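So you can see what is in the structure, the chains are spelled out below.
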Amino acid sequence: TAANSAGAGLPSDSVSATPVLVKKPGPIRSLAVRTVSGGIRITWRAPFTTGENEVTYRVQRSRDLWRWTTVATTPLLSFTNTGLTSKRRYYYRVVAVNSAGSSRVTSIRGARAR
């Protein structure tokens, strides 16, 4: 800030701000998968840490534990996967996602469709 003839500071157009560091969320907790009428229900608990940002959850499914397909992205703590082939086994994992990235995968659970 420059001083005028009276010694007072002149107005400035500069603005300063402290950046907020957004961290990736922690892993989801208590993943459960069970067969229900019409599909497979996946439930979980929110991570202990969310990285100080809004979190969504990416539900992924696999038949062989190698290739994973995202079947839902939701802000909820549950998802029912419908339209599955009867008597086939499906595996699920869920990751928490925010603007900084995604959590690590902590568990994989499977269930057989009716």
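Residues numbered from 1 in each chain as written. Predicted model: local features only at pLDDT ≥ 70, side-chain atom pairs only at ≥ 80, totals over all residues. Heavy atoms only, no water.

A.B. asks: Could you clarify how one ought to interpret the pattern of salt bridges in this entry?
C.D. replies: Pairing between side chains of opposite charge can happen when their charged atoms approach one another. Enumeration over the complete set of coordinates arrives at one salt bridge. Note that R67 is salt-bridged to D64, the shortest N-O span being 2.4 Å. Judged by its relative accessible area of 62%, R67 falls in the exposed class. (Salt bridge = Lys/Arg side-chain N within 4 Å of Asp/Glu carboxyl O. Buried < 20%, exposed > 50% of the residue type's maximum accessible area, 1.4 Å probe, protein only.)

A.B. asks: Hey, could you run me through the side chain of N81 in this one?
C.D. replies: Tracing the chain through its elements places N81 in strand β5 (residues 78-82). For N81, a relative accessible area of 5% gives the class buried. Looking at N81, its side chain comes within polar contact range of the side chain of R61, at 2.9 Å. (Helix = DSSP H or I, 4+ residues; strand = E, 2+ residues; numbered from the N terminus. Polar contact = N/O pair within 3.5 Å; in protein donor to acceptor, adjacent residues only side chain to side chain.)

A.B. asks: I would appreciate a short explanation of the environment of R93 in the present structure.
C.D. replies: With respect to the helices and strands, the residue R93 is situated in strand β6 (residues 89-98). Counting along the chain gives 28 residues from R93 to L65, while the straight-line C-alpha distance between them is 10.0 Å. In this structure, R93 is in contact with L31, R58, V59, Q60, W68, V105, S107 and I108, ignoring residues within four places of it in sequence. Here the side chain of R93 touches Q60 through a polar contact of 2.6 Å, side chain to side chain. (Contact = heavy atoms within 4.5 Å.)

A.B. asks: When you look at a nonpolar patch on the surface in this model, what are you seeing that I'm missing?
C.D. replies: A cluster of nonpolar side chains, namely L65, W66, V105 and I108, defines an oily patch on the protein surface of about 430 Å² accessible area. Relative to the helices and strands, W66 resides in the loop between β3 (56-62) and β4 (69-74). With relative accessibility at 77%, the residue W66 sits in the exposed group. (Patch = residues over 30% accessible without salt bridge, like charges linked within 9 Å, V, L, I, M, F, W, Y side chains within 5 Å. Areas by Shrake-Rupley, 256 points an atom, 1.4 Å probe, with all protein chains shown as cover.)

A.B. asks: Which parts of the structure should I look at to understand the environment of V94?
C.D. replies: On the secondary structure map, V94 appears in strand β6. C-alpha of V94 to C-alpha of A72: the two residues are 22 residues apart in sequence and 9.6 Å apart in space. In this structure V94 touches I28, L31, I42, W44, Y57, R58 and V59, once residues within four positions along its chain are discounted.

A.B. asks: For this particular structure, what's the right way to read the pairing of β6?
C.D. replies: A regular strand places its side chains so that they alternate between the two faces of the sheet. The buried fraction of β6 amounts to eight of the ten residues, a majority that puts the element mostly inside the structure. Bridge analysis of β3 against β6 gives seven bridges, and the strand direction is antiparallel. In the strand pairing of β6, V59 is matched with V94. Inspection of the sheet shows β6 paired to strand β8 (residues 109-112) by four bridges, in the antiparallel sense. Each residue of the ladder has a partner; that of Y90, found in β8, is A111. Sheet topology places β6 next to strand β7 (residues 101-102); two bridges connect them, and they run antiparallel. Note that in β7 the partner of N98 across the bridge is G101. In this structure, the hairpin formed by β6 and β7 is closed by a connection of two residues. (Pairing = 2+ DSSP bridges.)

A.B. asks: Got a minute to help me understand the sheet that holds strand β2 (residues 39-45) in this structure?
C.D. replies: Strand-to-strand pairing in sheets goes through backbone hydrogen bonds, with the strands running parallel or antiparallel. Spatially, three strands are ordered β1-β2-β5 in an open sheet, and the strand pairing comes out antiparallel. Every interior strand has two partners, whereas the edge strands, β1 (29-36) and β5, have only one. The mean angle between the axes of side-by-side strands here comes to 15 degrees, regardless of whether they run parallel or antiparallel. Relative to β5, β2 is paired through five bridges, and the arrangement is antiparallel. Bridge pairing links I42 to F79 in β5. (Axes fitted to C-alpha atoms, helices over the stretch in contact; angles between N-to-C directions.)

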